[in-house]
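# Commentary on secondary and tertiary structure
One-letter residues, chain by chain:
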Amino acid sequence: MASGRGGGSGAVGVSRGGAPRLAAQDRAAGEAQPRPWPTPEWRLPPEGRAPPVYPFQTLVRSRRLQDLSGDGGVRKQELRPGTGQAMPPNASVAVKFSGYLEHQDKPFCTNCYSKSPGLMKLGKDITLLGLEVGLLTMKKGELSRFVFAPGYAYGQLGCPPLIPPSATVIFEVEVLDFLDTAASDAFFELTAEQQAAFPLQEVLEVADTERQFGNYLYRKRRLDDAKDRYKKALSILGLRPSSESEQRQINASKLLLLLNLSLTYLKLERPTQALAYGEKALEIDQRNAKALFRCGQACLCMTEYEKARDFLVRAQRIQPFNHDINNELKKLASCYRDYMNKEKEMCCRMFASLNTSC
């Protein structure tokens, strides 16, 4: 029977030496969330009666579970179906999981208390063999329950004192999101010469994968990580096109990244960089309303009111009914009015002090 796999810094796993382990961040499960199969305290059955069968035992003994490993070592019960394609090998995945032992109401490991679980790469970060086997059958949004035999979990030794020897465990797993980053990861492991030899379409796909990765990080408010992903994608688009058609494709990919970088720097409260990337986007498309809007926002943050007004008015001419643009113009007018009132007040004070001295 297969054993738990080692290496990496995954959520849960088994070390290379065969000794089962848990990642430090998951050892302390915190206060328990409500468990879907509450286990009552163990009580001896009345004399002459068979011991009661509890929900954990019922699930473990069930023959209705899908056998994923072929030897009964990894079995699955789908609780909520997902959508789209199944998870590809080597994907980067964000999941919520909780692991349970028999006769315990609290999970022995969980990341369900994290608001935004980080992405983990299959084959590297997830080192519990049964969990990886199960994840490869799941889709985005799916919630499933798995039964892992010892050989696919923590082995014959267990992980004392937390996990007893030869323990069968149950995991509840929810797939929040995943990205197929295999091609991108392989591309960035190549030398510069090898990368230069790649066909344009494959390079554009890698750049798009990195952009999607950045978008995921942006949604999770990991702004510095997001901008690094956008810059990484932008770095491979300095290609020499062989035709106007190829140049248009490269520019279209660059434009999305430049707009995302401008927005990310605005969120990081670094308007100078936001303006720089917005202006680079305008070099590709002078009439891009988003680029004009981002530049206007950046100039407003830097109190460059005339430049802000110029960018925002140009954006409004292109999209006259855009609420964000119109609201930003109102904000600009209010800020400029406050600025002028303060200037007027300061001038009045200066002249008042001069008159007094005279």
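Up top is the structure these notes are about.
A short tour of the structure in this document, coming up. (Residues numbered from 1 in each chain as written. Predicted model: local features only at pLDDT ≥ 70, side-chain atom pairs only at ≥ 80, totals over all residues. Heavy atoms only, no water.)

### Quick look at the overall build of the protein
Tallying secondary structure elements over the protein gives 12 helices and 11 strands in all. Looking at the 358 residues of the protein, the share that counts as buried comes to 41%. When the accessible surface of the protein is summed, it comes to about 20000 Å², and 51% of that surface belongs to carbon and sulfur atoms. (Helix = DSSP H or I, 4+ residues; strand = E, 2+ residues; numbered from the N terminus. Buried < 20%, exposed > 50% of the residue type's maximum accessible area, 1.4 Å probe, protein only. Areas by Shrake-Rupley, 256 points an atom, 1.4 Å probe, with all protein chains shown as cover.)

### Brief notes about the pairing of strand β11 (residues 169–179)
Of all 11 residues in β11, nine are buried; the element is thus mostly enclosed. Examined bridge by bridge, strand β6 (residues 92–100) and β11 share nine bridges and lie antiparallel to one another. For Val 93, the partnering residue across the bridge sits in β11 and is Phe 178. As judged from the six bridges shared by strand β10 (residues 143–148) and β11, these two strands associate in the antiparallel manner. When the bridges of β11 are listed, Ser 144 appears paired with Val 173. (Pairing = 2+ DSSP bridges.)

### Here we look at the packing of aromatic side chains
Throughout the structure, instances matching the rule amount to eight aromatic pairs. Ring geometry for Phe 108 and Tyr 154: centres 5.9 Å apart, planes at 80 degrees, overall edge-to-face. One end of the pair, Phe 108, is in the loop between β6 and β7 (109–110); the other, Tyr 154, is in the loop between β10 and β11, with 46 residues separating them in the sequence. The interplanar angle of 5 degrees and the centroid separation of 5.7 Å between the aromatic rings of Tyr 265 and Tyr 277 together place this pair among those described as stacked. With Tyr 265 in helix α8 (residues 244–267) and Tyr 277 in helix α9 (residues 271–284), this residue pair connects regions lying 12 residues apart in the sequence. When its relative accessible area of 2% is taken as the criterion, Tyr 265 is described as buried. Exposure remark for Tyr 277: the relative accessible area of 14% places this residue in the buried category. (Phe/Tyr/Trp six-rings, centres within 6.5 Å; stacked < 30°, edge-to-face > 60°.)

### Observations regarding the packing of α9 against helix α10 (residues 289–301)
Interaxial distance between α9 and α10 falls to 8 Å at its minimum, and their mutual angle equals 155 degrees. Classified by the angle their axes make, α9 and α10 are roughly antiparallel. Considering only the axes of α9 and α10, their crossing is left-handed. Taking contact as the criterion, the partners of Pro 271, Ala 274, Leu 275, Gly 278, Glu 279, Ala 281 and Leu 282 in α9 are, on α10, Ala 291, Leu 292, Cys 295, Ala 298, Cys 299 and Cys 301. Of the residues contributing to the contact of α9 with α10, the split by class is 11 nonpolar, one polar and one charged. (Axes fitted to C-alpha atoms, helices over the stretch in contact; angles between N-to-C directions. Parallel < 35°, antiparallel > 145°, perpendicular 65-115°, else oblique. Left-handed = near helix turned anticlockwise from the far one by under 90°. Contact = heavy atoms within 4.5 Å. Nonpolar A, V, L, I, M, F, W, Y, C, P; charged D, E, K, R; others polar.)

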